[in-house]
Amino acid sequence: MRPAGENAHKRLIDFLRNDLRLTGTKEGCGRGHCGSCAVLIDGKLRRACRITVGQAAGRHVLSIEGLGTPEHPHPIQRAFMEAGAVQCGFCTPGMIMATKALLDANPHPSRGEIARALRGHLCRCTGYVKIIDAVLLAADYLMGAVNTPVPPGVQGEGSVVRLDALAKVTGTAVYGADLVLPGTVHVKAVRSPHPYARILEIDAAPALQLPGVIAVFTARDVPGINRYKRQREDQPVLAEDVVRFCGEPVALVVAETEAAAERGVQVVRVDYQVLPPLLDPAASLAAGAPSLHPGGNILAEERLERGDVQPALAQADLLIRETYRTTFNEHAYLEPEAGTAYLDEEGRIVVYGPTQAPHHDQREIAKVLGLPAEKVRMRQCVVGGGFGGKIDMSVQCFVGLVTHLLWRPSRMVYTREESFLATTKRHPFTITCTTGCTREGLITALEMDILADTGAYASAGPGVLTRAVLTATGPYRIPNVRVHGRSVYTNNPIAGAMRGYGVPQVAFALESQIDMMAQRLGLDPIDLRRRNGLEGGDATATGQVLGRDVGYQATLEAVKNYWTRPLSREGAPRILRGRGVASMWYGIGRTNSSNICEAEIVLTTGGQIRVYAGATEMGQGCGTVLGQIAARALGQDLGRVTVVTGDSLLTPDADTTSASRQTYMSGMAVVAAARELEQELLQRASRVLDVEAGALVLADGAVVAGSDRRVRVDLATLAQGGELRRRGRYQSTATRRSEASDATIPYEVYSFGTEMTEVAVDTETGQVTVERVVAAHDCGHPVNPQTAEGQVEGGILMGVGFALKERFVPGSTENFRSYHIPTAGEVPEIISLFVTGPEPCGPFGAKGLGECSSIAMAPAIANAIFAACGYRPRELPVSRNELKEFMASKPLSYYI
Ligand code: FES
Ligand code: FES
């Protein structure tokens, strides 16, 4: 870099991204905690957020853009693509730079050395397994040990390279913070420092006097309805008279630069009358508690009843009653929320930002701005992870409002602290669970009471509660069931959708109970689950009779093979080892609703296939998977297929990308569109070739005669008169509860899973290390096995965090320094197994997987801890201190 001059005090990351427009270097935290901003300075790995331009001046700075290009990717970049190490891709440039530094110093690292070298680089998506694989592959490439060209990924089936991988490994993918248009103004929010307070006055004058500040907007400036709705319309876009959680937005400061906007935020004066906050659901339910919302403090209440619970519990040979607690969890995607709004040539407000529901966002933004929906376009940016947290809007309404009022492009980028403070969390649950069973281990009754802290506003709280209640029975036949759930408003952060949607919490309770049953009855925990496990044709507690796609028993069989192997004795007697198992089920799609997805397929005049799907790609790989489904349905190579996702103007509505629904539902819609297009192509080819349509088939780039493939007509020829466009639609058969029927079909199909863990417990420190995981899932036939494995591995690490590390404390957790997610140093050996039921359903046999792999992990770990040392966790994350104290209270003979 040249001598620094006036930029000397600028952070290097700002100089690279803003001045040089080299946006491949990402800012995940700005504090040196995440590693996403890594660059090499004179060959040494450095964090560009922690170094100034002055410190880098006169030295050689290498960022991701200097390593390789889309035309000529570096071998490390190729290795990341081929090994499936890229999901959302936000951590990827930093990981690749760290890999370069490592391999320059150590060309042949072991897996352990790689894990240690990458420990300071966070990834929330991949579980690090495929990143470590990629480093090993890159080492081979650089040593010339492997010399294969990039697999082009042209087949519609199997583990093809993701369609978005090249842009992500080369730093050319455009995330929300990467788009800066000429004339852009910058937006920052004034946020409440109080969990509950009345707003007496907002004085914007001090901010408006600052140089560069253009405007300060409050609720009074919202031209439409100042309410945002996910599942209830209870949340103001900008607070009106009351704030209900710390971080609630009160005003927006708009300025010519980000720094000026930030200075403006500091001086806007808000007078509050501080009110006593309600910080737990019990306080909210107490007599005399103030109502946080007009309808009272209970957001939602759900019941599931089957059979007659009380007599069944009374007659049970073994009755177990326990209370379990979980805490707030942060999604901790590596990309903080960011986006831009602008006016297009037709006067539409276009919002380019992170979303898991583009059409919903379009309607909500339009409502807030007082515009017809067609005057707003929501375009999904490249999204750096979602896990449910980007189902709710963040920057969308803010930048939309500013652009609408000022007629200038506007941009808003959350800091990591702001992302932690202001966005939704996983619900803390308190669960009291009573189970009854026979001495042979047949579960006869389940009673469960769920109390969920939904925080200040509804978000997805009602849906999370409903799913938790409907899924509380786990993948088991239980004849007598009574589940009661309440979701309660407090002045805590808003709790919403997070991977698993209420199911991880109830699975922790139920699977712990089942482990206790097995232990007290002296039964094998896998056999006990097999005795009670659902099969095709069984009825669930809602009365739904399952189809023949149920593969739960197959997941138990697959894990059983690993269950009886001897555990390592390494480290004994200080280290105690144990093995635990837990199962899960997860309904695919939104609850109790006939989910609809639409998709379009276009044959271009050049003979290419373009898929338009409203599903959103946030790293999970659905863009590639839908492309593969289209390629397969049309008999085309994937190289001929492009996919456009998540754009309210261009793509049909596929509702939210949540509930593991898009592979199944958008996949079915893609297949339906493909069938329509195929019929049209066969008819056209029949006329051109003078061969009956029934005797023709699609081949790559052409329609050919089945009997003689030399008789053919190119797709481009068939589209000469103009592109061909066909739409497909899929509507699930799920139904709401009805008075008329005893049965509810909350979900059309279910995925199942069983996970086994081996843990090591350090008796002196209370440290728990997950050493091995065997995960068997019935998600149908995975369309892209490499992507599916990546989902499993990422979910497993998220489950490890849920079980052992992650606790979001409102008012104190600020960033990755105080919220610890698993690192590359904590990756267990993971064996992923995919099984199916007797008759798989869905597009080419695929169901859904995204949320499944994290659900059974926490109870499997808790059960393994019990097996290791006799401590039964009833609260997550497991307290290391409690565990240590428990072990200190037992004589050594207790363990031997
Ligand atoms: S370490 Fe620099 S952005 Fe996180
Ligand atoms: S791929 Fe690593 S954070 Fe998403």
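Owing to the predicted nature of the structure, the values given are computational and were not obtained by experimental measurement. (Residues numbered from 1 in each chain as written. Chains lettered and ligands numbered in written order. Predicted model: local features only at pLDDT ≥ 70, side-chain atom pairs only at ≥ 80, totals over all residues. Heavy atoms only, no water.)

A.B. asks: Help me understand the pattern of salt bridges, please; the structure alone is not making it clear to me.
C.D. replies: Opposite charge on two side chains permits them to pair, given that their charged atoms come into close proximity. Taken as a whole and judged by the stated rule, the model has 62 salt bridges. With its nearest N and O atoms 2.8 Å apart, the salt bridge here joins Arg11 to Glu27. Within this pair, whereas Arg11 is found in the segment before helix H1 (12–19), its partner Glu27 is found in the loop between H1 and strand S1 (38–41), the two being separated by 16 residues in sequence. Here Arg11 falls in the partly exposed class, since its relative accessible area comes to 25%. Classification of Glu27 as partly exposed rests on a relative accessible area of 27%. (Salt bridge = Lys/Arg side-chain N within 4 Å of Asp/Glu carboxyl O. Helix = DSSP H or I, 4+ residues; strand = E, 2+ residues; numbered from the N terminus. Buried < 20%, exposed > 50% of the residue type's maximum accessible area, 1.4 Å probe, protein only.)

A.B. asks: I'm lost on the domain arrangement of the chain in this one. Help?
C.D. replies: Note on interface size: it is often stated as the accessible area lost on association of the parts. Along its sequence, the chain is organised into domain 1 (5–173), domain 2 (185–276 + 345–422), domain 3 (543–588 + 747–896) and domain 4 (596–731). Between domain 1 and domain 4, the contact holds 14 residues from the first and 15 residues from the second. Where domain 1 meets domain 4, there are one salt bridge. Put simply, Glu617 and Arg162 hold a salt bridge, and the shortest N to O gap is 3.2 Å. Residue composition of the side of domain 1 that touches domain 4, by class: five nonpolar, five polar and four charged. (Domains from an automatic or database assignment. Contact = heavy atoms within 4.5 Å. Nonpolar A, V, L, I, M, F, W, Y, C, P; charged D, E, K, R; others polar.)

A.B. asks: Can you help me understand the confidence of the model for the chain in this one?
C.D. replies: Should pLDDT be low for a region, the predicted coordinates there are not to be read in detail. Within the chain, residue pLDDT values average 94, and 96% of them lie at 70 or more. In the model, residues 150–155 has pLDDT below 50 throughout and makes 15 contacts with residues more than four positions away in sequence or in other chains. (pLDDT = per-residue confidence, 0-100.)

A.B. asks: Explain the sheet that holds strand S3 (residues 61–62) to me, please; I cannot follow it from the model alone.
C.D. replies: Two modes of strand pairing occur in sheets, parallel and antiparallel, and in both the strands are linked by backbone hydrogen bonds. Pairing in this open sheet of three strands is antiparallel, and the strands run S2-S1-S3 from one edge to the other. If you trace the sheet from one side to the other, it starts and ends with strand S2 (44–47) and S3, each paired once. As paired elements, S1 and S2 share four bridges and run antiparallel to each other. When the sheet's bridge partners are listed, Ile41 is paired in S2 with Lys44. Contacts between helix H5 (residues 92–105) and the sheet are confined to S1, S2 and S3, with S1 contributing the most and set at about 35° to the helix. (Pairing = 2+ DSSP bridges. Axes fitted to C-alpha atoms, helices over the stretch in contact; angles between N-to-C directions.)

A.B. asks: Help me understand the packing of helix H13 (residues 358–369) against helix H14 (residues 396–406) in this model?
C.D. replies: A pair of packed helices is captured by two measures, namely the crossing angle of their axes and the spacing between those axes. For the pair H13 and H14, interaxial distance at closest approach is 10 Å and the crossing angle is 45°. Viewed along their axes, H13 and H14 adopt a mutual orientation that is oblique. In the crossing of H13 with H14, the sense of the turn from one axis to the other is right-handed. Counting all contacts with H13, which are made through Asp361, Ile365, Val368 and Leu369, the residues of H14 involved are Gln396, Cys397, Gly400, Leu401 and His404. Of the residues in the contact of H13 with H14, the class split is five nonpolar, three polar and one charged. (Parallel < 35°, antiparallel > 145°, perpendicular 65-115°, else oblique. Left-handed = near helix turned anticlockwise from the far one by under 90°.)

A.B. asks: Any chance you could explain the nonpolar core here in plain terms?
C.D. replies: General note: in soluble globular proteins, nonpolar side chains tend to be found buried as a group. Counting residues in each nonpolar core, the largest one holds 213 residues, and the members touching the most others are Phe80, Met448, Ile450, Val703 and Ile865. Here this core gets 12 residues from one element, more than from any other, and that element is helix H21 (residues 662–689). Not counting the four nearest positions on each side in its chain, Met448 is found in contact with Ile431, Thr432, Cys433, Ala472, Arg482, Val483, His484, Val506, Ala509 and Leu510. Formed by 30 residues, the second largest nonpolar core is a distinct cluster that contains Leu369, Val395, Val402 and Tyr414. (Core = buried A, V, L, I, M, F, W, Y, C linked by side-chain atoms within 4.5 Å.)

A.B. asks: Is there a simple way to explain the side chain of Asn863 in this structure?
C.D. replies: Topologically, Asn863 is positioned in helix H24 (residues 857–869). Here the side chain of Asn863 touches Glu511 through a polar contact of 3.4 Å, landing on its backbone oxygen. The contacts of Asn863, once residues within four sequence positions are left out, are Glu511, Ser512, Asp515, Arg529, Arg579, Gly580, Val581, Ala582 and Arg872. (Polar contact = N/O pair within 3.5 Å; in protein donor to acceptor, adjacent residues only side chain to side chain.)

A.B. asks: Hey, could you run me through the sheet that holds strand S30 (residues 768–778) in this one?
C.D. replies: With mixed pairing, four strands are arranged side by side in an open sheet as S21-S29-S30-S31. What marks the edges here is a single partner per strand, and that holds for strand S21 (575–587) and strand S31 (829–834). Between one strand and the next, the sheet's axes are offset by a mean angle of 15°, whatever the strand orientation. Strand direction decides the pairing type here: S30 and S31, joined by six bridges, are parallel. Directly across from Ala775, in S31, lies its bridge partner Ser832.

A.B. asks: Looking at this structure, how should I read helix H20 (residues 622–634)?
C.D. replies: Each turn of an α-helix holds 3.6 residues, which means side chains three or four residues apart point in the same direction. With 13 residues, H20 should cover 18 Å at 1.5 Å per step; its first-to-last C-alpha distance of 18 Å lies within 8% of that length. For H20, the tally of buried residues reaches 12 of 13 residues, placing the bulk of the element in the interior. Residues Cys622, Gly623, Thr624, Val625, Leu626, Gly627, Gln628, Ile629, Ala630, Ala631, Ala633 and Leu634 constitute the buried set of H20. The secondary structure elements touched by the buried residues of H20 are strand S22 (596–603), strand S23 (609–613), strand S24 (641–645), H21 and strand S25 (696–699). (Expected span 1.5 Å × (residues − 1).)

A.B. asks: Is there a simple way to explain the pairing of S22 in this structure?
C.D. replies: Sheet faces and side chains relate simply in a regular strand, where the side chains alternate between the two faces. Taken across its eight residues, S22 has seven buried, putting it largely inside the fold. One ladder, built from eight bridges, connects S22 with strand S28 (residues 724–731); its direction is antiparallel. Counted as the bridge partner of Leu603 is Leu724 from S28. Looking at chain direction, S22 and S23 are connected through five bridges and run antiparallel. Among the inter-strand pairings, Glu600 is bridged to a residue of S23, identified as Tyr612.

A.B. asks: I keep staring at the packing of aromatic side chains and nothing clicks. Help me out?
C.D. replies: Here the distance between the centres and the angle between the planes together describe a pair of aromatic rings. Evaluation of the coordinates by the stated rule reveals 14 aromatic pairs. Pairing Phe420 with Phe816 gives two aromatic rings, centres 5.5 Å apart and planes at 80°, and the pair type is edge-to-face. Of this pair, Phe420 sits in helix H15 (residues 416–422) while Phe816 sits in the loop between helix H23 (785–804) and S31, and the two are 396 residues apart along the sequence. One exposure class covers both Phe420 and Phe816, and it is buried. Geometrically, the ring pair formed by Tyr747 and Tyr750 is edge-to-face, given 5.7 Å between the ring centres and 80° between the ring planes. (Phe/Tyr/Trp six-rings, centres within 6.5 Å; stacked < 30°, edge-to-face > 60°.)

A.B. asks: I tried to follow empty space enclosed by the protein on my own but got confused; where do I start?
C.D. replies: If a probe the size of a water molecule is rolled over the atoms, the empty space left behind becomes visible. In total, this model carries five cavities of 30 Å³ or more according to the counting rule given. Volume-wise, the second largest cavity comes out at about 290 Å³. Lining the second largest cavity we find 20 residues, and of these Gln235, Met393, Ser394, Tyr414 and Ala422 sit closest to its centre. For the lining of the second largest cavity, the per-class residue count stands at 11 nonpolar, five polar and four charged. (1 Å grid on protein atoms, 1.4 Å probe; cavity = no way out; pocket = protein on both sides within 12 Å on 5 of 7 lines; lining within 4 Å. Points joined across faces, edges and corners; volume = space filled by probe spheres on them.)

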